[in-house]
Amino acid sequence: MRYHPLSQADRSAMLAAIGVPSIEALYADAPHETLLKTTLDLPNGKSELDVERFFARLAARNMPASRAPFFVGAGAYKHHIPASVDHLIQRSEFLTSYTPYQPEISQGTLQYLFEFQTQVALLTGMEVANASMYDGSTATAEAVLMAHRVTKRRKALLSGGLHPHYAEVVRTISRLAEDDVETMAPDVRAAEDLIARIDDTLSCVVVQTPDVFGNLRDLTKIAEACHRNGALLVAVFTEAVSLGLLKSPGAVGADIVVGEGQSIGNSLNFGGPYVGLFATRQEFLRQMPGRLAGESVDADGRRSYVLTLSTREQHIRRDKATSNICTNSGLCALAFTIHLTLLGEAGLTRLARVNHANAVLLAHMLANVPNVEVLNETFFNEFTLRVDGDAAALIERMAARGVLAGVPVSRLLPHAGLDDLLLVAATEVNTQEDRDAFVAAFKESL
Amino acid sequence: MLDRPAVVEPLDDDKTPATFTGNRGLDQEEPLIFEIGRVDATGVDIDDPAPIATRLGALERTAPIGLPGLTEPETMRHYVRLSRKNYSIDAGLYPLGSCTMKHNPRSNEKIARYEGFADLHPLQPQSTARGALELMQILADWLMTLTNMPAVAMSPKAGAHGELCGMMAIKSAIAARGESATRNVVLIPQSAHGTNPATAALLGFSVRVVPAAPDGTVRAQAVKDALAPDVAAIMLTNPNTCGLFEREIVDIADALHEAGGYFYCDGANFNAIAGVARPGDFGIDAMHINLHKTFSTPHGGGGPGAGPVVLSERLAPFAPVPFIRRNGDSLQLVEDAEGTQSFGRLTAFHGQMGMFVRALAYMLAHGGDGLAQASKDAVLSANYVRASLRDVMTQPFGDRICMHEVLFDDAWLRGTGVTTLDFAKAMIDEGYHPMTIYFPLVAHGAMLVEPTESESKASLDLFIATLRDLARSAKAGEVARFTPAPRLAPRRRVDEALAARKPVLRWEAKAAS
């Protein structure tokens, strides 16, 4: 076995040093009846070449984004990732290191987490950010739990424009934590009146912008209504690139900002691993879940970084902890921070403009197709189409023509009677040829 | 066994020599991107956006963000310099007990980057992702075979997320029995991972602590004493965090089931027994498997991980969506909980696909017998370290067989003026990442060593010789080797108290003076 350095001679010598006759004797504490007497019914080990062949065959059964005109979004987006990002995250010292428990030999990880926290705070317009969460959906659920701790209330109101999967994650954890969640009906045209529903029993209101249907939402008045009632506004985004062009959630009154960071530096990966972003106001710092890197000094007085405020965490506070989380998406956060460093403000703004322009161009082309309606007045790089018929079937027909055209709303909301709606996303990877291919396949498939 | 002399001469001064740049040879100081970047600099060339009438309404940003950029060469140098301030498993032995730092094959990285996996969207039509669903099913089949459990939930994103998933399934099963109001206590041993009580508390359970016996394990009688009609479940780690196999685990499971409770096993240490014993045969109901530990997906500075949960027949119906269902010859991803007993959704999409690829590649490379050998070698290595140090260091529960990690305490340091922390920091000067220290909490001044199966005997021998020399030095009263340590790392001891007392969690522009 190529990964196992011990030879039989080594094993014998080690057993002799321990003073046992066999490795099996080291399992003497396991109840005898539970020890396997034969090997399991599993294949034998394969060479590296054979393993690669096996996966190449599986991979060939999938249609990757780079092989098709690609317009699928709804919470994960195809963007170009500079080659240097993947090169750097594969450096052994990043890839194969662990949680920086020993700061003296982990300054690389700690400093990039500190940089990541600063970037996320700036991008969201908030004062502090943590070192990342599992993904945008779990970050949203944690934001609701945090709002409960801050306000000492246990009821959240979810906008109907919140990504349905995010809403489901919040409802699942809240139901099992015996908290209360009210979810507004699907809000296709961003017309819901959240303000009328805000009262002093709410811990928080959760609003996504751009919302799952692509609409941009002005949070200012919702924030005011929340604050009048002692509730927090949780602002959610699923497309981090949008923050390059839009007013920051912090600037319009959000108290907690959470979102998905996959768009910057991370591949689609069929849903994970992704990187949850989490930022809030300084005053709520000690209620914020997750890992934090902080600045300090070493014994020689040199600036240093270290994991800090772990008194909020499970390994100290156990059943009083702010959450049960004991990790972050370190490597995904690294990819995010490297890509954002490469972009800088100038690049991010430009990237966001190209995304927006490509989406606007596509929306114009589709609005001219008979019996098709673009429902959005405003959007960033994703919008909702109403088509004549079943959108899921349409998507399948377009896939058969080699175009991955979007996400049918019925896949996210199977029982909402919205089967004729289709979410379409465009990014910088889409060319005019892609848009032409989309429209051609669309017309042929309708 | 090697018995090397101390190779570090005590320095005259406890400070390292000063240099003009602050650099020391290959260890180069690096400012923050906020200090070297410029708001108008970029390392990415992006085409001009097409001229369009925007559809942003009044929500377009008007204020600057304040994000600096770096060109590509500057970016490369910044992160390469940072990387060189990190210890990693590729650079040396990383004996972090309970964390499992073992070899990370690069073949797995290569495969995870095949565009057929990395460039696949979670919501593209299932008909265009057949290979991905098949991969998830094959991995699920391996996990079920290795554990002898009938079902597995794939979506949990980390070990602690898996715990949440397993306990949610248990809570749902109790609700289905109509016992939500009466069964609200979870039994947790003193030595448990901190995530266990945190998970139970998050779900509204109260925690009842089960004491450990003097030998570091949990006695079935102690569990029986704590059992009552209000007990929903036990959360037990096996092998436990003291590196010991819970000898009475089958009796514990029986007692618990008889009392109407469920058995959650924390699978953090599955890598000691994979291919050797199956948790399903212990009588457990749910167990998460840290794919990153047992099946070696890279830890990436702390994450991401992956924590699929195997489930018993009794808990399987409550598994979260999405799950895979076989429809004749094809696999279907069921994403909608309606009409099932599923407790709902844990995360937006299907789980850590990127980690699934790496873990399955690791499994296929080993095969069934290779995985068993890996577990056995991990246990052999840990016991070799134990046997080679037992005459100089002490163990809290006496010298007995351990599993894949060996626990020492600080009784042997008493009166030397050297603490566990000092000892750990002195290891850094010797080129080692320290072991896990001060965990588990049940041992005073704990030092938990996990060498894993990927160390050669020569590597273990040097490690042992180094620890023996440090132990000799500590006992000889050479405190100067320990208290100022580390002296030879990129940083000396970092002031953790200051960081917590005055938290500085982001860079701020200095006010103009």
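Residues numbered from 1 in each chain as written. Chains lettered and ligands numbered in written order. Predicted model: local features only at pLDDT ≥ 70, side-chain atom pairs only at ≥ 80, totals over all residues. Heavy atoms only, no water.

1. A word on the overall build of chain B
As a reminder of what qualifies: Only runs of H or I of at least four residues qualify as helices and only runs of E of at least two qualify as strands under DSSP, and these elements are numbered from the N terminus. The globule rule is 2.2 Å times the number of residues to the power 0.38, and the radius of gyration it is compared with is taken over C-alpha atoms. For the exposure calls, accessible area comes from a 1.4 Å probe over protein chains only, and a residue counts as buried if that area is under 20% of its type's maximum, exposed if over 50%, partly exposed in between. Contact definition: two residues touch when any of their heavy atoms are within 4.5 Å. Under the convention used here, a 1.4 Å probe and the Shrake-Rupley method define accessible areas, while residue burial counts only the protein chains that appear. Neither His nor the chain ends contribute to the count of charged residues, in which Lys and Arg are positive and Asp and Glu negative. To locate a charge, the coordinates of NZ of Lys, CZ of Arg, CG of Asp or CD of Glu are taken.
Helices and strands together make up the secondary structure of chain B, namely 14 helices and twelve strands. For chain B, whose C-alpha radius of gyration is 26 Å, the value lies close to the compact-globule estimate of 24 Å for 513 residues. In terms of its C-alpha atoms, chain B occupies a principal-axis envelope of roughly 75 × 70 × 45 Å. With 513 residues in all, chain B has 65% of them scored as buried. For chain B, contacts bridging at least 24 residues in sequence account for 70% of all contacts bridging at least 6. On chain B, roughly 16800 Å² of surface is accessible, and the fraction owed to carbon and sulfur atoms is 53%. One way to put it: in chain B the 49 positive side-chain charges average out to a point 2 Å from where the 59 negative ones average out.

2. Quick look at the UniProt feature "domain: Glycine cleavage system P-protein N-terminal" (unreviewed entry) in chain A
Operational definition: UniProt positions are given in the numbering used here, feature names are shortened, and annotations may be inferred rather than shown by experiment.
Mapped onto this structure's residue numbering, the UniProt feature "domain: Glycine cleavage system P-protein N-terminal" (unreviewed entry) falls at residues 2–438 of chain A. Across residues 2–438 of chain A one finds 35% helix and 13% strand; the C-alpha atoms that close the span lie 48 Å apart.

3. Things to note about the environment of Ser454(B)
Tracing the backbone through its elements, the reader meets Ser454(B) in the loop between β12 (447–449) and α13 (457–475). Residue class for Ser454(B) comes out buried when judged on its relative accessible area of 15%. For the pair Ser454(B) and Phe20(B), spaced 434 residues apart in sequence, the C-alpha separation works out to 41 Å. Excluding its chain neighbours within four sequence positions, the residues that come into contact with Ser454(B) are Tyr3(A), Pro5(A), Lys102(B) and His103(B).

4. Concerning the layout of surface pockets
Note the threshold: Residues are called lining when one of their atoms sits within 4 Å of a cavity or pocket point, these points coming from a 1 Å grid over the protein atoms alone, where a cavity is a set in which a 1.4 Å probe fits but cannot get out and a pocket is an open set with protein on both sides within 12 Å along at least five of seven lines. Grid points are joined across faces, edges and corners, and a volume is the space filled by probe spheres set on the points. Three residue categories are used. Nonpolar comprises Ala, Val, Leu, Ile, Met, Phe, Trp, Tyr, Cys and Pro, charged comprises Asp, Glu, Lys and Arg, and polar comprises the others, including Gly.
Its volume calculated, the second largest pocket comes out at about 840 Å³. Of all elements in the fold, only α7 (164–176), β3 (180–183), α11 (391–400) and α12 (409–412) of chain A together with β9 (330–334) of chain B reach the threshold of two or more residues within the lining of the second largest pocket. In terms of residues, the lining of the second largest pocket owes the most to one element, α7(A), which gives seven residues. When grouped by side-chain class, the residues that make up the lining of the second largest pocket number 19 nonpolar, twelve polar and eleven charged.

5. A look at the side chain of Thr337(A)
Checked against the element boundaries, Thr337(A) lands in helix α10 (residues 330–367). Overall, the relative accessible area of 0% leaves Thr337(A) in the buried class. Once residues lying within four places of it in the same chain are set aside, the contact partners of Thr337(A) are Tyr112(A), Glu115(A), Phe116(A), Gln119(A) and Tyr79(B).

6. Side note on the packing of helix α5 (residues 107–124) of chain A against α10(A)
Residues and elements named next belong to chain A. Selection criterion: Axis definition: a line fitted to C-alpha atoms, limited for helices to the stretch in contact. Angles are taken between N-to-C directions and run from 0 to 180 degrees. Orientation labels follow simple angle bins: below 35 degrees gives roughly parallel, above 145 gives roughly antiparallel, 65 to 115 gives roughly perpendicular, and whatever is left gives oblique. Put simply, a crossing is left-handed when the front helix is turned counterclockwise from the back one by less than a right angle, and right-handed when it is turned clockwise.
Running from N to C, α5 and α10 cross one another at 50°; their axes reach a closest spacing of 9 Å. On the basis of the axis angle, α5 is oblique to α10. Taken as a pair, α5 and α10 cross one another with a handedness that is left-handed. The residues of α10 that touch α5, namely those facing Tyr112, Glu115, Phe116, Gln119, Val120 and Leu123, are Gly330, Leu331, Ala333, Leu334, Phe336, Thr337, Leu340, Thr341 and Leu348. Among the residues making up the contact of α5 with α10, the classes are represented as ten nonpolar, four polar and one charged.

7. A word on α5(A)
To keep it simple, the criterion reads: Each residue after the first adds 1.5 Å to the expected span of a helix.
With 18 residues, α5(A) should reach 26 Å at 1.5 Å per residue; the first-to-last C-alpha distance of 25 Å fits that figure. Of all 18 residues making up α5(A), 18 are buried, and the element is well covered by its neighbours.

8. Observations regarding the packing of aromatic side chains
Quick note on the threshold: Planes of paired rings set the category: under 30 degrees apart is stacked, over 60 is edge-to-face and the rest tilted, where pairs are Phe, Tyr or Trp rings (Trp by its six-membered ring) whose centres lie within 6.5 Å. Both a distance and an angle decide whether a charge sits over a ring: NZ of Lys or CZ of Arg must be within 6 Å of the ring centre and within 35 degrees of the ring normal.
All chains considered together, the criterion is met by 18 aromatic pairs over all chains. Each ring, one from Phe71(A) and one from Phe438(A), has its centre 4.8 Å from the other, and the planes form 85°; the classification is edge-to-face. Of this pair, Phe71(A) sits in the loop between α2 (48–59) and α3 (83–89) while Phe438(A) sits in helix α13 (residues 432–445), and the two are 367 residues apart along the sequence. Since its relative accessible area comes to 0%, Phe438(A) is described here as buried. On the basis of an interplanar angle of 10° and a centroid distance of 5.3 Å, the ring pair of Phe34(B) and Trp507(B) is categorised as stacked. Remark: Trp507(B) occurs in the segment after α14 (496–501) and Phe34(B) occurs in helix α1 (residues 33–36); sequence separation between them is 473 residues. For Phe34(B), a relative accessible area of 8% gives the class buried. Between Lys171(B) and the ring centre of Phe205(B), over which it is positioned, the NZ or CZ distance is 5.4 Å.

9. What about the nonpolar core?
What tends to happen in soluble globular proteins is that the nonpolar side chains get buried as a cluster. Just so we agree on the cut-off: For this analysis, a nonpolar core means a set of buried residues of the types Ala, Val, Leu, Ile, Met, Phe, Trp, Tyr and Cys, connected via side-chain atoms within 4.5 Å.
Within the largest apolar cluster, 133 residues are counted, with the highest numbers of intra-cluster contacts made by Phe55(A), Leu143(B), Phe295(B), Leu360(B) and Phe423(B). At 20 residues, the largest contribution of residues to this core is made by helix α11 (residues 353–389) of chain B. Other than its neighbours up to four places away in sequence, Leu360(B) contacts Phe54(A), Phe55(A), Leu135(B), Ile138(B), Leu139(B) and Trp142(B). Formed by 90 residues, the second largest nonpolar core is a distinct cluster that contains Ile173(A), Ala153(B), Leu164(B) and Met168(B).

10. Describing the UniProt feature "domain: Glycine dehydrogenase C-terminal" (unreviewed entry) in chain B
Mapped onto this numbering, the UniProt entry gives "domain: Glycine dehydrogenase C-terminal" (unreviewed entry) at residues 374–474 of chain B. Each end of residues 374–474 of chain B is marked by a C-alpha atom, and these two atoms are 34 Å apart; helix forms 44% of the span and strand 8%.

11. Quick word on the interface of chain A and chain B
Counted only if it meets this: Salt bridges are defined as contacts in which a side-chain nitrogen from Lys or Arg sits within 4 Å of a carboxyl oxygen from Asp or Glu. In the analysis that follows, any N or O atom pair within 3.5 Å is treated as a polar contact, provided that within protein one partner can donate a hydrogen and the other can accept it, and provided that, for residues neighboring in sequence, both atoms belong to side chains.
Listed by partner, the interface residues are 195 residues for chain A and 210 residues for chain B. Linking chain A with chain B are 18 salt bridges, by the criterion used here. Among the ionic pairs, Lys78(A) bridges to Asp119(B), the shortest N-O distance being 2.9 Å. For the pair chain A and chain B, the number of links is 115 residue pairs in polar contact (both at pLDDT 80 or more).

12. Things to note about the sheet that holds strand β7 (residues 309–311) of chain B
Residues and elements named next belong to chain B. Stated precisely, the cut-off is as follows: Strand pairing is assigned whenever DSSP identifies at least 2 bridges connecting the two strands.
Taken in spatial order, the seven strands of this open sheet run β1-β7-β6-β5-β4-β2-β3, and their pairing is mixed. Each edge of the open sheet is held by one strand with a lone partner, namely β1 (151–153) and β3 (206–210). The mean inter-strand angle of the sheet, taken between neighbouring strand axes irrespective of direction, is 25°. Note: strand β4 (residues 231–237) against strand β5 (residues 262–266), five bridges, orientation parallel. Looking across to β5, one finds that Ala233 is bridged to Tyr262.

13. Considering helix α8 (residues 220–228) of chain A
Residue and element names in this part refer to chain A. Worth spelling out the cut-off: Relevant arc is that of directions from the helix axis to the C-beta atoms, nothing else.
Among the residues of α8, those classed as buried are Ile222, Ala223, Ala225 and Cys226. One side of α8 holds all its buried residues, which, seen down the axis, span an arc of 165°. Turned more than 90 degrees from where α8 packs its buried face, Lys221 and Arg228 sit exposed. Directly beyond the C-terminal end of α8, a positive phi value near 70° is found at Gly230.

14. Looking at the domain arrangement of chain A
Residues and elements named next belong to chain A. Note the following rule: Residue ranges assigned to each domain were obtained from an automatic or database domain assignment. Joining two parts hides part of their accessible area as seen by a 1.4 Å probe, and the buried area is that hidden amount summed over both.
When the domains of chain A are assigned, the result is domain 1 (65–80 + 344–445) and domain 2 (83–339). Averaged C-alpha coordinates put domain 1 and domain 2 at centres separated by 27 Å. Tallying the contact residues gives 35 residues for domain 1 and 27 residues for domain 2. Across the interface of domain 1 and domain 2, roughly 2400 Å² is buried in total on both sides, 65% from carbon and sulfur atoms. Taken together, domain 1 and domain 2 are joined by one salt bridge. Connecting domain 1 to domain 2 are eleven residue pairs in polar contact (both at pLDDT 80 or more). Among the secondary structure elements, those contributing two or more residues to the side of domain 1 that touches domain 2 are α10, β11 (382–386), α12 and β13 (421–425). Partitioned by chemical class, the residues of the side of domain 1 that touches domain 2 number 19 nonpolar, ten polar and six charged.

15. As for the sheet that holds strand β2 (residues 155–158) of chain A
Strands in a sheet are paired, the pairing made by backbone hydrogen bonds, and the direction either parallel or antiparallel. Residue and element names in this part refer to chain A. Within the open sheet, the seven strands sit side by side as β1-β7-β6-β5-β4-β2-β3. Their pairing is mixed. The sheet terminates laterally at β1 (128–129) and β3, the two strands that pair on one side only. With five bridges joining them, strand β4 (residues 204–208) and strand β5 (residues 232–237) adopt parallel strand pairing. Each residue of the ladder has a partner; that of Val206, found in β5, is Val234.

16. Brief notes about the side chain of Thr327(A)
Note that Thr327(A) resides in the loop between α9 (314–317) and α10. Using a relative accessible area of 13% as the deciding quantity, one classes Thr327(A) as buried. A distance of 2.2 Å separates a polar side-chain atom of Thr327(A) from the backbone oxygen of Gly302(B). Discounting residues that sit within four places of it in the chain, Thr327(A) has contacts with Ser132(A), Tyr134(A), Arg291(A), Ala158(B), Gly302(B) and Gly303(B).

17. Considering the pattern of salt bridges
According to the stated counting rule, one finds 58 salt bridges over all chains in the structure shown. Note that Glu29(B) and Arg491(B) form a salt bridge whose closest N and O atoms lie 2.8 Å from each other. Of this pair, Glu29(B) sits in the segment before α1 while Arg491(B) sits in the loop between α13 and α14, and the two are 462 residues apart along the sequence. The class of Glu29(B) is partly exposed, set by a relative accessible area of 22%. Counted as one network, the salt bridges with shared partners bring together Asp29(A), Asp215(B), Arg219(B), Arg247(B), Glu248(B) and Arg400(B).

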